[in-house]
Structures are given as structure tokens and as C-alpha cells.
Amino acid sequence: MEVNKVKVSCDHPTRTKGLFTSVKFFVLCQSLLQLAQLLVSGYMKSSISTIERRYGLSSQKSGLLAAFNEVGNTLLIVFVSFLGSRLHRPRVIGCGALLACLASLLMALPHFLSRRYEYSDIISAKNVSGLCQMESPLAAPTSSQDCGRQESPADNGIYPLLLLAQLLLGIAAVPIQPFGISYIDDHASKKNSPLYLGILLAVTSIGPALGFLSGAFLLRFYVDFDTMPEDQIHLDRSDLRWVGAWWLGFLVASCLLFLTALPYFFFPRHMPPEDESEADTKCESDLFQEVSLLHFLKSFPSIAMRTLLSPVYLLVVLAQVNMAALLAGLITFMAKFIERQFHQTVVFSAALIGGICIPLAVLGTVMGGVLMRRWSLRVSGASKLCVSVIILGIGPALPLLFIGCPTQQVSGIFPPRTDALLCSESCQCLQNVFHPVCGSDGVEFTSPCHAGCIAMETDNSGKVLNFTECRCVGGVSGSATPRSCGSGCGHLLLPFVVLLGISGLMVSLSHTPSFVIILRMVPAQDKSFAVGVQYMLFRVLAFMPGPVLYGTVIDSTCILWDRKCGKQTSCLYYNLERFRHRFLGLQLVFMCGGLVCFILTAVFLHRRAQSRGSEDADGGVYELVHRRKPEVDKVQT
């Protein structure tokens, strides 16, 4: 497409000394803002199982909640891409940050609208109905009489409120990174621009890890610590009923977003160029963009067909979609998997993901770029590197299917037996009570009543230490402690994390080479469109459905659902073998899907190189475009 160039005089702002005319200060502000924004995203992922337990959500619903911010982002990203140069970008970024601040406050709002967290602890000085009481059949109240007290209009609107907050977070994120990067690139010198963008990329990688580490710290506090005295909190973090202060991180993040938003309202629309000698060049570049945008609608069909009909582009993007779906599911639910599979606390699981797994993935992304540069790889070499690292990633991922814990024995639940609770049949136990106890014979019960316990031992503060005279424990009057028995295989966690880290490191090595293939295999004038379509497909095919798919798979392994007022809520017990095989099996499916696409890419590039009598396909589109030969439109990509 030809564009008529006209000479214009560019009136650049006069360079004056000050913070708000400094590109370096803008980079600092942008780094802090992206750090705060991505901290919210990482913290959300680290708290997802806690929110699930607090409000009785299934894993499918919590997966939808985690992915819902992509909806708002996807709806607006196209419009923002074309409005960038026409708007006051710093102010739009500031407005986006303030909207993210509001959305983060909305995420925490359900804590203040709902009642205190009520777990199934019905053992107290005034009410001992949690024990087996054979002599008083009327002592066991029905759950229906508490339903009116447990439910309220505010409780019914909590999940929609959380979805709205996630939607606003996605909308708020739309202008922050694209406008920030373009503003820096427009005003920074060519020498410094790569350094500034590298800093932003590093911060982008660190943000989610800090979110998980923040979750590991803040979830140590009890959810209602702000309204309950410490001596009334009888749960510890290892209890299956423990709910941490999930809302606290969103308040902290909201404050950070508000503070980082303020400077953007003082930056000018156009900043004096960092290098005055590049002023005219940047002016001509801006003019070219403005004129070409006028013809965008006319050229859109041809650009779309030229890009989407490129087999290499489609295959690489589909491979990246598989990797993105893998990432979206694992980062949302891997902490929950470790928590359930190896009987670890939410705090420890979040710290493990934020402190080890995410940094290794970031390291792999950087190393992929280093290998590309060190070995001077072209397109065909990059495709072979992607195939190799995916194969190396599948290797340590396969043993993960067999490293895990067996499902703990829960009386009447697993293995399923109809006669398991006959010994407590006359105890008038409440069916909706979940107060797990571990019998002295290693069998777990959902409550001391179901264990047939008729007495208990307490300390001076009234905390229950032990349940005694439990006739369902060991077939005689045994004892039970108020805790889950666990799986008893915590020693397998270390080899699991080592293999998981190696697999993640290997797979992440493919990120940079695959991105380079896309940039080199499309004409120069179509690169922006190709990258935009790439990220659009990421959101539509991976980041949005990925967590929901993983959540559905996890729900399919549940063997006991909690019920409140006749409604199914969150899962209490999982079949751990099924959980491990289906959850990690889905991971392998996505890895194999990516591998197939990369293999087909390498084969296509090899055959095309042979047909052209070349040793490498890199001499195709990429070089021809830069030589500006008239035959460029005839080259098949």
C-alpha cells in the first residue's frame, strides 16, 4: 500500500529539566505500575483456592473467575491498539490504573458484605452435639433451620460481584502496557529504548511471582482477624477448614495502584525526545502511522488473509496457544494441587509457586533468547530448538503422573462402603458437618460424631486436644485427634518439585524462539497485525477457557461435596490418584499438542528450504521484505 508523504514541521516541546519531562522517570513509574498491576493478578491466582473454600465455589467456578479478566481485556484491546497515537497516553494509563484500583477494592468488598466465616466447629461449652449422643435423638437439629441465618441477599451477590471486579481489572489493564511501551519508544533514544523495554519485561516477569509470595505471607492470617479476638480463633493453618485473609492483599494492591497512578496525570502528551537528533525521524514515523490508519479498513481483508493463510504462522501460533493454555491452568491450580496432593498448607504451596516455579519459567524465557543469539539461529534452527526443548520438557513431566500420594482412607467415603458407619448410626450425627478427625487407627472421619466419640479432652483455654471413647475407631473404644490424617507421603514433594521445575524450565525455552519465528515469517508491514492476532488467540483459545477446563477436570475427581441448605458448594475430598492423573495428564496433552505443531513447522520449513535450494528458510520473506523487492507479494509464506 502506497502512502503519500508530505513534509511537515514538527513542533517538539522545548526540553526543560524536570521529573515529568524525563523518559527515565516515566520508565520508573511504568515499572512500578506494571508491578502493582501484575501483583494483583498473581495474588488472585494464589488466593483462588481460599476464595473457593470461603464462598463454597466449585473449581470450575473459580477457574471461570480467574479467567474472567481476559473477557474485558479481549473486548477492548483492538480498539485501544488503533487509538493510541490519538489520545493523551499518560492520562489514559493513569485512568486505567485508577480503574484497576477500584476493581481491586471491589475484589475485597465481599469480605465486608458477608457474615463471618462459619466453619463446622459445633463443639463448644454450650453445644456438644458434635459428639455422639445416643440418648437424645432430638439433640441433632436439622440444617434447614440455619439456612435463613446463613443466607442473605449480600451472600447471593458475592460471586457476580467478584466476576464484575475481574472484568474491570481486565478492562483497566488494556491501556497500561501498550500505551506505556509506545510512549517510551516514541520519546526514548534508539540507544536506550531496548534497555527501557528490557526493564519493563523483567518487571512483567517478577510481578506474578511477587503476587504469589504476597499470598504466602498474607494468607497466614485468619480471614476474620479484623473482627475476631485471637483467642476465639481455634483453627490452625494445617486444618482443611482454614481460610486465610484473602481480601487483605487486594486492599494493599489497591493502595499501590492508587499511588502509582497519580504521576501519570502530570506527564505531557508529548515529551521532548531524549535524543534531539532523532526528532525529525520520529515525526515522520508518526505521520506515516496517522496516514496509514486512514486506509486500515480498506487494507484489513488483504492483511488478514495474507497473515492467516501462512502455514508457518498458524502452526507456531497454535503451538503457543497450547503452551499458553498449559500455563493458564497450572498457574491457577498448581498451588491447590500441591496443597491437596501432598497435604501442604495454602501458605507453603503459594510460596513454592512464587519462589521456585515462576522464576524458573522466567529464567527459561531469557535463556531461550540467549541461545538464539549465541548459536545465531535462524527460523529453521529456532523451530528445531522448539521441538528439542518440548521433548526435553515432556521427559520429566511423564514421571510426575506416578509421583504422588494415595487417597487417604475416609470412613464411608473412600473406599466407599455402606456398612462403614453402622457403629455411629444411632448417634444422630449431622450430615452437613465437616470437622475432620483422625482416628488412632489411621482412618479419617468427617466428624467426631461419625467416629462414635462420646467424650473429649481440652486444655485450659477450652481448645479440644483429643476425642475419646470412639467406638468406630479400630472396632473398639479408640481415640481421635481433631485434624486430617493426611496422605503421609510428604517426602515425595521434593522430587515432584524438582521434576516440575525442570519440565517448566525446558518448555519455557521455546517462548522466545517461537516468537522470533512469527516476527521473521510475516512481512514487515504486517508484523503489528500478526502480533495482535497472536495475543487475541492467546486470550480466546487459552487464557479464557484454560482455567475453566482445568477446573472442570478437577471437579470430576471429587468424591465428597460440601452441601449447605441443599446446595452443592465446594469439594471436601478428592480421589488423589484421579486428581493427579487427570490434572497432570491434561498438562501432557497440551505439551504434546505444542510438540506436534512445532514438528510440522520444522518439516514445512525444511521442505521449503529444499525446494528453494537453500539451507535455511530464513532467507525468505524476512530478507526480501527488508530489500523491498517488488516481488515480495508473490512470495508464499
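Residues numbered from 1 in each chain as written. Predicted model: local features only at pLDDT ≥ 70, side-chain atom pairs only at ≥ 80, totals over all residues. Heavy atoms only, no water.

Q: Before we go on, may I ask you to explain the overall build of the protein in this structure?
A: For the protein, the helix and strand inventory stands at 20 helices and seven strands. Expressed as a percentage of its 637 residues, the buried residues of the protein come to 51%. Excluding contacts between residues fewer than 6 apart, the proportion of contacts in the protein whose partners are at least 24 apart in sequence is 80%. Just so you have it, the protein exposes about 29,600 Å², and 63% of that area is on carbon and sulfur atoms. (Helix = DSSP H or I, 4+ residues; strand = E, 2+ residues; numbered from the N terminus. Buried < 20%, exposed > 50% of the residue type's maximum accessible area, 1.4 Å probe, protein only. Contact = heavy atoms within 4.5 Å. Areas by Shrake-Rupley, 256 points an atom, 1.4 Å probe, with all protein chains shown as cover.)

Q: Explain the confidence of the model for the protein to me, please; I cannot follow it from the model alone.
A: Low-confidence regions, as indicated by low pLDDT, have predicted coordinates that should not be scrutinised in detail. In this model, the protein carries a mean pLDDT of 82, and residues with pLDDT of at least 70 account for 81%. Long-range and interchain partners of residues 287–292, a stretch whose pLDDT sits below 50, account for seven contacts in this model, where long-range means more than four residues apart. (pLDDT = per-residue confidence, 0-100.)

Q: What exactly am I supposed to notice about the packing of helix H1 (residues 23–55) against helix H7 (residues 158–187) here?
A: Between H1 and H7, the least distance of the axes is 11 Å, while the angle of their chain directions is 160°. As judged from the angle between their axes, H1 and H7 are roughly antiparallel. In the packing of H1 onto H7, the handedness of the crossing is left-handed. Contacts between H1 and H7 involve Val-23, Phe-26, Val-27, Gln-30, Leu-33, Gln-34, Gln-37, Val-40, Met-44, Ile-51 and Tyr-55 from the former and Ile-158, Leu-162, Gln-166, Leu-169, Ala-173, Ile-176, Gln-177, Gly-180, Tyr-183, Ile-184 and His-187 from the latter. Looking at the contact of H1 with H7 residue by residue, the classes come out as 15 nonpolar, seven polar and no charged. (Axes fitted to C-alpha atoms, helices over the stretch in contact; angles between N-to-C directions. Parallel < 35°, antiparallel > 145°, perpendicular 65-115°, else oblique. Left-handed = near helix turned anticlockwise from the far one by under 90°. Nonpolar A, V, L, I, M, F, W, Y, C, P; charged D, E, K, R; others polar.)

Q: Help me understand the pairing of strand S3 (residues 453–458), please; the structure alone is not making it clear to me.
A: Along any regular strand the residues' side chains alternate between the sheet's two faces. For S3 and strand S4 (residues 464–470), the ladder comprises five bridges, and the chain directions are antiparallel. Within S4, the residue paired with Thr-458 across the bridge is Val-464. As consecutive antiparallel partners, S3 and S4 are separated by five residues, and within that stretch Gly-462 has a phi angle of approximately 95°, a positive value. (Pairing = 2+ DSSP bridges.)

Q: Before we go on, may I ask you to explain a nonpolar patch on the surface in this structure?
A: A cluster of nonpolar side chains, contributed by Leu-98, Phe-258, Leu-259 and Leu-262, occupies part of the molecular surface with about 340 Å² of accessible area. Among the residues examined, Leu-98 registers a relative accessible area of 31% and is labelled partly exposed. (Patch = residues over 30% accessible without salt bridge, like charges linked within 9 Å, V, L, I, M, F, W, Y side chains within 5 Å. Salt bridge = Lys/Arg side-chain N within 4 Å of Asp/Glu carboxyl O.)

Q: For this particular structure, what's the right way to read the packing of aromatic side chains?
A: What the rule picks out here adds up to 27 aromatic pairs. Ring plane angle 55° and centroid distance 6.1 Å describe the contact between Tyr-264 and Phe-267, whose orientation is recorded as tilted. When sorted by exposure, Tyr-264 lands in the same class as Phe-267, which is buried. Just above the ring of Tyr-159 sits the side chain of Lys-61; from NZ or CZ to the centre is 5.5 Å. Between Arg-220 and the ring centre of Phe-221, over which it is positioned, the NZ or CZ distance is 5.7 Å. (Phe/Tyr/Trp six-rings, centres within 6.5 Å; stacked < 30°, edge-to-face > 60°. Lys NZ or Arg CZ within 6 Å of the ring centre and 35° of its normal.)

Q: Mind showing me how you'd approach the packing of H1 against helix H4 (residues 89–113) here?
A: Packed helices, taken two at a time, are described by their axes: the angle between them and the distance between them. One can describe the packing of H1 onto H4 by two numbers: an axis separation of 12 Å at closest approach and a directional angle of 20°. Of the possible angle classes, the one that applies to H1 and H4 is roughly parallel. Classified by chirality, the crossing of H4 by H1 is left-handed. Facing H1, whose interface residues are Phe-26, Gln-30, Leu-33, Val-40, Met-44 and Tyr-55, H4 presents Pro-90, Ile-93, Ala-97, Ser-104, Met-107, Pro-110 and His-111. In the contact of H1 with H4, the residues fall into 10 nonpolar, three polar and no charged.

Q: How should I be thinking about the sheet that holds S4 in this particular structure?
A: To summarise the sheet geometry, strands pair through backbone hydrogen bonds and adopt either a parallel or an antiparallel arrangement. With antiparallel pairing, the five strands of this open sheet are ordered in space as S2-S1-S5-S4-S3. Of all strands in the sheet, those bounded by a partner on one side alone are strand S2 (444–445) and S3. Pairing between S4 and strand S5 (residues 478–481): two bridges, direction antiparallel. Counted as the bridge partner of Cys-470 is Gly-478 from S5.

Q: Could you clarify how one ought to interpret the nonpolar core in this entry?
A: Burial of nonpolar side chains together is a common tendency in soluble globular proteins. If you look at the biggest cluster of nonpolar residues, it comprises 144 residues, and the most contacted ones within it are Trp-246, Met-334, Phe-337, Ile-338, Phe-496 and Phe-583. Top element by residues in this core is helix H12 (residues 311–341). It accounts for 16 residues. The contacts of Phe-337, once residues within four sequence positions are left out, are Phe-342, Phe-496, Phe-579, Arg-580, Phe-583 and Leu-584. The next biggest cluster of nonpolar side chains, apart from the first, holds 12 residues, and it includes Leu-131, Val-437, Cys-453 and Cys-470. (Core = buried A, V, L, I, M, F, W, Y, C linked by side-chain atoms within 4.5 Å.)

Q: Sorry if this is basic, but what is going on with the state of the cysteines here?
A: What is meant by a disulfide is a covalent connection between two cysteines, made through their sulfur atoms. Under the criterion given, the structure shown has seven disulfides. Residue pairing for Cys-423: its cysteine sulfur links by disulfide to Cys-472, the two sulfurs lying 1.9 Å apart. Every disulfide takes its handedness from the sign of the S-S torsion; for Cys-423 and Cys-472 that torsion is 125°, giving right-handed. Of the two residues, Cys-423 is situated in the loop between helix H14 (379–397) and strand S1 (437–439) and Cys-472 in the loop between S4 and S5; the sequence distance between them amounts to 49 residues. Assessed through its relative accessible area of 27%, Cys-423 is described here as partly exposed. (Disulfide = S-S within 2.5 Å.)

Q: Whenever I open this one, H12 confuses me. Can you help?
A: Residues lying three or four places apart along an α-helix face the same way, a consequence of the helix completing one turn every 3.6 residues. In H12, a bend of some 50° at Phe-333 exceeds every other bend along the element. Taking burial as the measure, the 31 residues of H12 include 26 buried ones, the bulk of the element. At the exit of H12 stands His-343, carrying a positive phi of roughly 55°. (Bend = angle between axes of the 7 residues up to and from the residue.)

Q: Is there a simple way to think about the side chain of Asn-73 in this case?
A: Within the fold, Asn-73 resides in helix H3 (residues 69–83). What Asn-73 contacts, discounting residues up to four positions off in sequence, is Gly-170, Ile-171, Ala-173, Val-174 and Arg-539.

Q: Looking at this structure, how should I read unusual backbone geometry?
A: Excluding glycine, a negative phi dihedral is what most residues carry, and trans is how most peptide bonds are arranged. Across the junction of Phe-414 and Pro-415, the peptide omega takes the value -10°, indicating a cis bond. Along the polypeptide, Pro-415 turns up in the loop between H14 and S1. Look at Gln-428: it is not a glycine, yet its phi comes out positive at around 55°. A residue is classified by how much of its surface remains accessible, and Gln-428, at 34% relative accessible area, is partly exposed.

Q: Could you clarify how one ought to interpret the environment of Leu-33 in this entry?
A: Its location among the elements puts Leu-33 in helix H1. Assessed through its relative accessible area of 0%, Leu-33 is described here as buried. As for Leu-33 and Ala-261, which are separated by 228 residues in sequence, their C-alpha atoms are 7.1 Å apart. Not counting residues within four places of it along the chain, the set of residues in contact with Leu-33 comprises Ile-93, Ala-97, Ile-176, Leu-257, Thr-260 and Tyr-264.

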